[in-house]
Amino acid sequence: EDQVTQSPEALRLQEGESSSLNCSYTVSGLRGLFWYRQDPGKGPEFLFTLYSAGEEKEKERLKATLTKKESFLHITAPKPEDSATYLCAVQAGGANNLFFGTGTRLTVIP
Amino acid sequence: DAGVIQSPRHEVTEMGQEVTLRCKPISGHNSLFWYRQTMMRGLELLIYFNNNVPIDDSGMPEDRFSAKMPNASFSTLKIQPSEPRDSAVYFCASSFRTSYNEQFFGPGTRLTVL
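Before going into details, it helps to say that this report is about the structure given with it. These figures come from a predicted structure and were not determined experimentally. (Residues numbered from 1 in each chain as written. Chains lettered and ligands numbered in written order. Predicted model: local features only at pLDDT ≥ 70, side-chain atom pairs only at ≥ 80, totals over all residues. Heavy atoms only, no water.)

## Some thoughts on the overall build of chain A
Each helix and strand in chain A was counted, giving zero helices and 11 strands. Taken from N to C terminus, the helices and strands of chain A fall in the order β-β-β-β-β-β-β-β-β-β-β. Over its C-alpha trace chain A gives a radius of gyration of 13 Å, about what one expects of a compact globule, namely 13 Å for 110 residues. Counting only C-alpha atoms and orienting by the principal axes, one finds that chain A spans roughly 45 × 30 × 20 Å. (Helix = DSSP H or I, 4+ residues; strand = E, 2+ residues; numbered from the N terminus. Rg over C-alpha atoms; globule rule 2.2 N^0.38 Å.)

Below, the structure written as structure tokens:
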């Protein structure tokens, strides 16, 4: 059975304190791993897609990496505006639907 | 460009009433997805369409739920009759179907069934 597990469930950081969020997955035939950001009261906002192990992508203070079993979202010198829930999702097999993890709720304290 | 549009943004209804949620996907996208998000279960796929055709409705919880996509620019998710356990945020998302596709989400409809 396909599974996506995100950890930690919640993370509190001081402004400027770098850290990483984890997304581990067990799927058959991974075709893509997606990271989304969700602010309270809003829909998930697309951040990155990673397709193969070893791939990395960056956007401002965020950097996503992918191995054969997990993905990391590294946050460098976070700011309060980075506070949000970060969702990981996988696309596998022949379908084009996504299977989401339950997210990591990040709070960055000024 | 306008993103995915959903209406209403908030819906409060009483148990047993019919509820209809609406979605307009991004122009040019040919895949549309309906999700439900709750604190307990996170984001769950209910049904998705490719080129207006339902492809996978295995996530639809019961026969009380139905979804239609009469054309490329409009979809509805209907709950009849509604129950308190249907209270959740319902999201619509769209994408341009390729081998690897990013989905773009609407702002969601917060449904409360009393």
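## Section: the overall build of chain B
Helices and strands together make up the secondary structure of chain B, namely zero helices and 11 strands. From first element to last, N terminus to C terminus, chain B shows the α and β order β-β-β-β-β-β-β-β-β-β-β. Taken over the C-alpha trace, chain B has a radius of gyration of 13 Å; the compact-globule value for 114 residues is 13 Å, and the two agree within 12%. Principal-axis analysis of the C-alpha atoms places the extent of chain B at approximately 40 × 30 × 30 Å. Evaluated residue by residue, chain B yields a buried proportion of 46% over its 114 residues. Taking contacts inside chain B between residues at least 6 apart in sequence as the whole, the part at least 24 apart equals 54%. When the accessible area of chain B is evaluated, it comes to approximately 5800 Å², of which 50% is carbon and sulfur surface. Between the centroid of the 11 positive side chains of chain B and the centroid of its 12 negative side chains there is a distance of 3 Å. (Buried < 20%, exposed > 50% of the residue type's maximum accessible area, 1.4 Å probe, protein only. Contact = heavy atoms within 4.5 Å. Areas by Shrake-Rupley, 256 points an atom, 1.4 Å probe, with all protein chains shown as cover. Lys, Arg positive; Asp, Glu negative; His and termini not counted. Charge placed at Lys NZ, Arg CZ, Asp CG, Glu CD.)

## Looking at the packing of aromatic side chains
Taken as a whole and assessed by the stated rule, the structure comprises 10 aromatic pairs over all chains. With centroids separated by 6.4 Å and ring planes inclined at 25°, the aromatic side chains of F33 of chain B and Y35 of chain B adopt a geometry described as stacked. On the accessibility criterion, F33 of chain B (0% relative accessible area) is buried. Here the aromatic rings of F33 of chain B and Y48 of chain B are separated by 5.3 Å at their centres, their planes lie at 25°, and the arrangement is stacked. Here F33 of chain B, found in strand β4 (residues 31-38), pairs with Y48 of chain B, found in strand β5 (residues 42-50); they are 15 residues apart in sequence, far enough to count as distant. With respect to class, F33 of chain B is no different from Y48 of chain B; both count as buried. Ring-pair connections join several aromatic residues into one group, and the members of that group are Y36, F46 and F100 of chain A together with F33, Y35, Y48, F91, F104 and F105 of chain B. (Phe/Tyr/Trp six-rings, centres within 6.5 Å; stacked < 30°, edge-to-face > 60°.)

## Some remarks on the state of the cysteines
Residue and element names in this part refer to chain A. Considering all chains together, one arrives at two disulfides over all chains under this definition. Disulfide pairing is shown between C23 and C88; the S-S distance is 1.9 Å. In this structure, the disulfide formed by C23 and C88 twists by about -55° around the S-S bond and is classed as left-handed. One end of the pair, C23, is in strand β3 (residues 19-26); the other, C88, is in strand β9 (residues 84-92), with 65 residues separating them in the sequence. (Disulfide = S-S within 2.5 Å.)

## A word on the side chain of D39 of chain A
All names here are of chain A. With respect to the helices, strands and loops of the structure, D39 is situated in the loop between β4 (30-38) and β5 (45-50). Polar side-chain contacts of D39 include one of 3.0 Å to the side chain of R37. D39 has contacts with S83 and A84, leaving out every residue within four places of it along the chain. (Polar contact = N/O pair within 3.5 Å; in protein donor to acceptor, adjacent residues only side chain to side chain.)

## Side note on the sheet that holds strand β8 (residues 74-79) of chain B
All names here are of chain B. Taking strand neighbours across the sheet as the criterion, the four strands line up as β1-β3-β8-β7 in an open arrangement whose pairing is antiparallel. The outermost strands of the open sheet, each flanked by one partner alone, are β1 (5-7) and β7 (65-71). Each adjacent strand pair in this sheet contributes to an overall mean axis angle of 15°, direction not counted. Alignment of strand β3 (residues 19-24) against β8, held across five bridges, turns out to be antiparallel. Bridge pairing in β8 links C23 to S75. (Pairing = 2+ DSSP bridges. Axes fitted to C-alpha atoms, helices over the stretch in contact; angles between N-to-C directions.)

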